[in-house]
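Each chain, letter by letter, is given below.
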Amino acid sequence: MELGQLTRSGAILGADAALPPAAHPRDWAGQPGTRAPHVWVRHRGNSVSSIDLLTEDFVLLTADPRWCAAAAHLQLKTLLVGADVIFPAEQPFRDSFGTGDDGAVIVRPDGIIAWRSAPAAIPEAMLLRTVMEKIALPHG
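In what follows, the accompanying structure is described. (Residues numbered from 1 in each chain as written. Predicted model: local features only at pLDDT ≥ 70, side-chain atom pairs only at ≥ 80, totals over all residues. Heavy atoms only, no water.)

Quick look at helix 4 (residues 125–136) now. Helix length check: helix 4 (12 residues) gives 16 Å between terminal C-alpha atoms against 16 Å at 1.5 Å per residue, within 8%. Of the residues making up helix 4, those classed as buried are L128, V131, M132 and I135. Angular distribution of buried residues about the axis of helix 4 spans 100°; they occupy a single face of the element. Tucked inside the fold, the buried residues of helix 4 contact strand 3 (59–62), helix 2 (65–70), strand 5 (104–107) and strand 6 (113–116). (Helix = DSSP H or I, 4+ residues; strand = E, 2+ residues; numbered from the N terminus. Expected span 1.5 Å × (residues − 1). Buried < 20%, exposed > 50% of the residue type's maximum accessible area, 1.4 Å probe, protein only. Arc of directions from axis to C-beta. Contact = heavy atoms within 4.5 Å.)

A few words on the sheet that holds strand 5. Overall, mixed pairing links the four strands, which are arranged 4-3-5-6 in an open sheet. Edge positions in the open sheet fall to strand 4 (77–80) and strand 6, since each of these has one partner strand only. Across the sheet, the mean angle from the axis of one strand to that of its neighbour is 20°, orientation sign disregarded. Bridge count between strand 3 and strand 5: four bridges; the pairing is antiparallel. Paired with V59 across the two strands is V107, which belongs to strand 5. (Pairing = 2+ DSSP bridges. Axes fitted to C-alpha atoms, helices over the stretch in contact; angles between N-to-C directions.)

Within the secondary structure, S49 sits in strand 2 (residues 46–49). When its relative accessible area of 8% is taken as the criterion, S49 is described as buried. Here the side chain of S49 touches H38 through a polar contact of 2.8 Å, side chain to side chain. When sequence neighbours within four positions are dropped, the list of residues in contact with S49 reads H38, V39, W40 and V41. (Polar contact = N/O pair within 3.5 Å; in protein donor to acceptor, adjacent residues only side chain to side chain.)

Here is the structure:
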């Protein structure tokens, strides 16, 4: 098994040709096109792998409630860090996923990160709708 591979596709935003084909998983830190990082988190009172929360549907993961509000009218599962899921202090969400304190990621059902917000991006429903159209529609 190889770890740290980068997947490139029209359905992944931000995995451009300038990136290497592989790197150590911890070096990717939430890079679109890579597998979502494994972190032991608390969810509904249980200790679970972050990966187990991200493999049933497209999931928006963020520590900023404005992203959840922006996603409210989309068919997109949302997990709010600090409320729905608690990351350990030694592996905070912002570092594990490379988002900063106000960013967000969307993870595909196969566990690959499809999109990560740009620094200081404004959480908007239209932005998320555009992202979802690009990452969730079939690409030929």
